[in-house]
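Listed below are the residues making up each chain.
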Amino acid sequence: MANASVFLNNAIVGDKTADDGTFTLRNVKPGQYTFIVTAVGFETHSITLMAGTANIALPEISLAPKTIMLQEVNIKPDPNRQRNYDDFKRLFLGTSANAAQCKILNPDVVDVDFDSKKMVLSASSRDDFIEVENKALGYLIKYKLTAFSYDAKHMFYYEGVSVFQELKGSKGQQRKWQKNRMVAYLGSSMHFLRSVISGQTDKDGFEVLRLVRKPNPNYKEGRMGANNYKYNQSLYTKPALTPADFSHPTDQPGLFAIGFTDCLYVIFKNKRVETDLSVYHPIEVPNYPVTILAFDELYAFFDHNGIITNPHSVIFEGDWGASRVAEMLPVDYEPEKANGK
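One structure accompanies this document, and this report is about it. (Residues numbered from 1 in each chain as written. Predicted model: local features only at pLDDT ≥ 70, side-chain atom pairs only at ≥ 80, totals over all residues. Heavy atoms only, no water.)

1. What to know about the sheet that holds strand β16 (residues 290–295)
- If you walk across this open sheet you meet the 5 strands as β12-β11-β15-β16-β18, and the pairing is antiparallel. Sheet topology places β12 (231–241) and β18 (314–318) at the edges, where each strand pairs with a single neighbour. When the angles between neighbouring strand axes are averaged without regard to direction, this sheet yields 25°.
- Here 4 bridges tie strand β15 (residues 263–268) to β16, and the two strands are oriented antiparallel to one another. Looking at the pairing, Tyr265 lines up with Ile292 of β16.
- Sheet contacts for helix α3 (residues 189–198): β11 (206–215), β15 and β18; angle to β11, the most-contacted strand, approximately 105°. (Pairing = 2+ DSSP bridges. Helix = DSSP H or I, 4+ residues; strand = E, 2+ residues; numbered from the N terminus. Axes fitted to C-alpha atoms, helices over the stretch in contact; angles between N-to-C directions. Contact = heavy atoms within 4.5 Å.)

2. As for the pattern of salt bridges
- In total, this model carries 6 salt bridges according to the counting rule given.
- With a closest N to O distance of 2.7 Å, Lys269 and Glu207 form a salt bridge. Of this pair, Lys269 sits in the loop between β15 and β16 while Glu207 sits in strand β11; the two residues are 62 residues apart in sequence, bridging distant segments of the chain.
- Look at Lys269 and you get partly exposed, because its relative accessible area is 39%.
- The salt bridge involving Asp262 is made with Arg210; its shortest N-O contact spans 2.7 Å. Here the residue Asp262 occupies a position in the loop between β14 (255–258) and β15, and Arg210 occupies one in strand β11, the gap between them amounting to 52 residues.
- A relative accessible area of 33% places Arg210 in the partly exposed class. (Salt bridge = Lys/Arg side-chain N within 4 Å of Asp/Glu carboxyl O. Buried < 20%, exposed > 50% of the residue type's maximum accessible area, 1.4 Å probe, protein only.)

3. Observations regarding the nonpolar core
- Residues Phe88, Phe92, Ile130, Val132, Leu145 and Phe148 are the most contacted members of the largest nonpolar core, which totals 32 residues.
- Where this core is concerned, the elements lending two or more residues are α1 (81–93), β5 (102–104), β7 (120–124), β8 (130–134), β9 (139–150), β10 (156–166) and α2 (171–185).
- Those residues in contact with Leu145 that sit more than four places away from it in its chain are Phe88, Phe92, Ala123, Ser124, Ser125, Ile130, Tyr158 and Glu159.
- Judged by nonpolar contacts, the second largest core, of 19 residues, contains Phe192, Leu264, Ile308 and Val314. (Core = buried A, V, L, I, M, F, W, Y, C linked by side-chain atoms within 4.5 Å.)

4. As for the packing of aromatic side chains
- Counting across every chain of the model gives 20 aromatic pairs.
- Judged by centre distance (5.1 Å) and plane angle (15°), the rings of Phe88 and Phe92 are stacked. Placement of the pair is Phe88 and Phe92 together in helix α1, with a separation of 4 residues, close to one helical turn.
- Overall, Phe92 belongs to the buried group, its relative accessible area being 0%.
- An aromatic cluster is defined as three or more aromatic residues linked by ring pairs; in this entry it consists of Tyr85, Phe88, Phe92, Tyr143, Phe148, Tyr150, Phe156 and Tyr158. (Phe/Tyr/Trp six-rings, centres within 6.5 Å; stacked < 30°, edge-to-face > 60°.)

5. Describing the pairing of β7
- Burial along β7 is one-sided: Leu121 and Ala123 are buried, while Val120, Ser122 and Ser124, pointing the other way, are not.
- In the sheet, strand β6 (residues 111–115) pairs with β7 via 5 bridges, with the strands oriented antiparallel. For Val112, the partnering residue across the bridge sits in β7 and is Ala123.
- Hairpin remark: β6 followed by β7, antiparallel, with 4 residues in the connecting loop; positive phi at Met119, about 55°.

6. Quick word on α2
- For α2, with 15 residues, the first-to-last C-alpha span of 21 Å sits near the 21 Å given by 1.5 Å per residue.
- Taken together, the buried positions of α2 are Trp177, Asn180, Arg181, Met182, Ala184 and Tyr185.
- Remark: Gly187 follows α2 within two positions and exhibits a positive phi of approximately 85°. (Expected span 1.5 Å × (residues − 1).)

7. Structural notes on unusual backbone geometry
- Look at the link from Lys238 to Pro239: it is a cis peptide, with omega at -5°.
- With respect to the helices, strands and loops of the structure, Pro239 is situated in strand β12.
- Phi at Asn10 takes a positive value of approximately 65°, unusual for a residue other than glycine.
- Of note, Asn10 is situated in the loop between β1 (5–8) and β2 (14–16).
- Judged by relative accessible area, Asn10 falls into the buried class, the value being 18%.
- With a phi close to 55°, Asn27 is a non-glycine residue in the positive phi region.
- Using a relative accessible area of 77% as the deciding quantity, one classes Asn27 as exposed.

Listed below in structure tokens is the structure:
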């Protein structure tokens, strides 16, 4: 099949197949990836693979045609389309300074809907890729959105597959993009998980503490008030946790596990930000970026690139939870290159 999209998910490596269906992906950084093949009218094909220093020869790949059930459809304009799309764009891109420099080039591919009974905003991009031009970080991101939801409890989730392309720019623009990428990387979940693997969380500016949560029996959903918190929370500032306390290797090479009985309270001490009042922030914690990791499953699994492979397993609250597509870096991003090393 000619002209099928072949790429490593969330990476900067991708291409189109030749007339005879062949392809080669070059300059792949070692690590675990999801290899994706997409073509209009066919089911998406994915393979999890571990890239190393040797070439990988994949077997022949067959794509299954999509089965489409035709139903009678009454087409009428959605009077709330623009409002719902604006809400989607704000949630998808974020509200940061980087988000202000992002533009969705093809908004028509986004299907967005608001269920007024369930109070849920949902969206997808069908067979198409949403094209996001990020002039803050110098990327064109092609993102096929497969799931997106935001509900009345402010629970937000999205997932999909994507491929990055570097924008062309002057040497001055390239230097600015490299600097902005480094700023986005420092303190991010990718930075943290890579530091966990190397055992250098403390050296890299992270402090990890134990946060104990217990349901607040007096909590009333929907009630406004300074003391109406869902949980009674206690932060244990001593001793600080080390990677050995919450992370473990697995029996699968290149895959690691992170989990904890209580919540992990991650502070990044190499940045200063305005205190986020939406996240638990005791007075003894200065205005550093803070993220709370609350585990829905026993473990979250992550790879050498610092990417969680089962994102349903953990909820990010605070800094990482507010980070959206505008701050997203390709999984094969290397900060050493940004420094010319």
